[in-house]
Amino acid sequence: MPVIKFTKEQKEIEVPEGSDLRSAAIKAGVNLYAGLNGFGAGLNKYLNCHGLGQCGMCRVKITKGMENITPMGMMEKAKFKVPIPDPLPALAYIGNEETMRLACYCKIQGDVEVETWPEIDLYGENFFS
Ligand code: FES
């Protein structure tokens with residue numbers, strides 16, 4: 001069975017192949033919903049789209065094993081590339097195009113390492129680029 005390692009939380013879980021990353025994180029007790037760099041995380045844990053791919057708050061960085069996750073589809077790409085109505089997923093995506101995914105769209109097919117709560121660089125060079 002594939003192993004998911006949540007690096008910040010230092011948790012490792014085994015999941016059946018084809019599991020979605022969001023459900024696996026919830027089962028492992030990992031809160032994916034960071035809000036804006038942690039601001040609003042407690043509230044966002046409950047106020048999210050519950051895996052419907054609409055809120056963009058379950059974004060994570062896949063630091064190892066991107067090849068072991070189903071490829072990004074059109075809806076997920078749109079969530080990252082169209083900053084309307086919520087600009088946060090698109091802002092977070094800038095500079096992380098190779099690693100960022102929405103957990104609710106990721107089906108696990110092999111071992112992966114996941115970084116939750118990827119920060120948005122509000123002051124760095126990427127913000128206005
Ligand atoms: S849970 Fe809302 S986009 Fe993934």
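Our subject is the structure that appears above.
This structure is a prediction, so every number in the text was calculated from the model and none was measured.

Participant: What's the story with the overall build of the protein chain in this structure? I'm lost.
Facilitator: The helix and strand inventory of the protein chain stands at 4 helices and 5 strands. Of the regular secondary structure in the protein chain, the N- to C-terminal order runs β-β-α-α-β-α-α-β-β. Its C-alpha atoms give the protein chain a radius of gyration of 14 Å, within 12% of the compact-globule value 14 Å for 129 residues. For the protein chain, the spread of C-alpha atoms along the three principal axes comes to 40 × 30 × 25 Å. With 129 residues in all, the protein chain has 27% of them scored as buried. Taking all contacts inside the protein chain whose residues are at least 6 apart in sequence as the whole, residues at least 24 apart take part in 69%.

Participant: Looking at this structure, I do not really get the sheet that holds strand S5 (residues 112-115). What am I missing?
Facilitator: Consider a sheet: its strands pair through backbone hydrogen bonds, and that pairing is either parallel or antiparallel. The 5 strands are arranged S2-S1-S5-S3-S4 in an open sheet whose pairing can be described as mixed. The sheet is open, and its two borders are formed by strand S2 (11-14) and strand S4 (100-102), each paired with just one other strand. Along the sheet, successive strands turn relative to each other by an average axial angle of 35°, direction set aside. Note: strand S1 (residues 3-6) against S5, 3 bridges, orientation parallel.

Participant: Please clarify how unusual backbone geometry should be interpreted in this entry.
Facilitator: For the bond running from Ile 84 to Pro 85, omega is 5°, close enough to zero to count as cis. Considering the arrangement of structural elements, one finds Pro 85 in the loop between helix H3 (74-81) and helix H4 (88-93). The phi dihedral of Gln 10 is positive, around 55°, even though this residue is not glycine. Topologically, Gln 10 is positioned in the loop between S1 and S2. The phi angle at His 50 is positive, at roughly 55°, despite the residue not being glycine.

Participant: Is there a simple way to explain the nonpolar core in this structure?
Facilitator: For soluble globular proteins, the rule of thumb is that nonpolar side chains tend to be buried together. Within the largest apolar cluster, 23 residues are counted, with the highest numbers of intra-cluster contacts made by Leu 21, Cys 58 and Ala 103. For this core, the secondary structure elements donating two or more residues are S1, helix H1 (21-27), strand S3 (59-64) and S5. No other element matches H1, which puts 3 residues into this core. Apart from residues lying up to four places away in sequence, Ala 103 is in contact with Leu 21, Arg 22, Ala 25, Leu 32, Cys 58 and Val 60. One finds Phe 80, Ala 92, Met 100 and Ile 120 within the second-largest nonpolar core, a separate group that totals 5 residues.

Participant: Sorry if this is basic, but what is going on with the pairing of S2 here?
Facilitator: Consecutive side chains of a regular strand alternate in pointing toward one face of the sheet and then the other. Here S1 runs beside S2; their pairing, made up of 4 bridges, is antiparallel. Bridging from a neighbouring strand, Phe 6 pairs with Lys 11 of S2. Hairpin remark: S1 followed by S2, antiparallel, with 4 residues in the connecting loop; positive phi at Gln 10, about 55°.

Participant: Where do I start with the environment of Gln 54 in this structure?
Facilitator: The topology assignment puts Gln 54 in the loop between helix H2 (41-44) and S3. In sequence terms Gln 54 and Met 75 are 21 residues apart; their C-alpha atoms lie 8.9 Å from each other.

Participant: Hey, could you run me through the pairing of S5 in this one?
Facilitator: Of the two faces of S5, only the one carrying Val 112 and Val 114 is buried; Glu 113 and Glu 115 on the other face are not. Summarising the sheet, S3 and S5 pair through 3 bridges and their orientation is antiparallel. From the neighbouring strand, Lys 64 faces S5, where its bridge partner is Glu 113.

Cut-off values and rules
- Residues numbered from 1 in each chain as written.
- Predicted model: local features only at pLDDT ≥ 70, side-chain atom pairs only at ≥ 80, totals over all residues.
- Helix = DSSP H or I, 4+ residues; strand = E, 2+ residues; numbered from the N terminus.
- Rg over C-alpha atoms; globule rule 2.2 N^0.38 Å.
- Buried ≥ 20, exposed ≤ 12 C-beta atoms within 10 Å, placed from the backbone.
- Contact = placed C-beta atoms within 7 Å.
- Pairing = 2+ DSSP bridges.
- Axes fitted to C-alpha atoms, helices over the stretch in contact; angles between N-to-C directions.
- Core = buried A, V, L, I, M, F, W, Y, C linked by C-beta atoms within 7 Å.

All we've got here are geometric facts, nothing functional implied.
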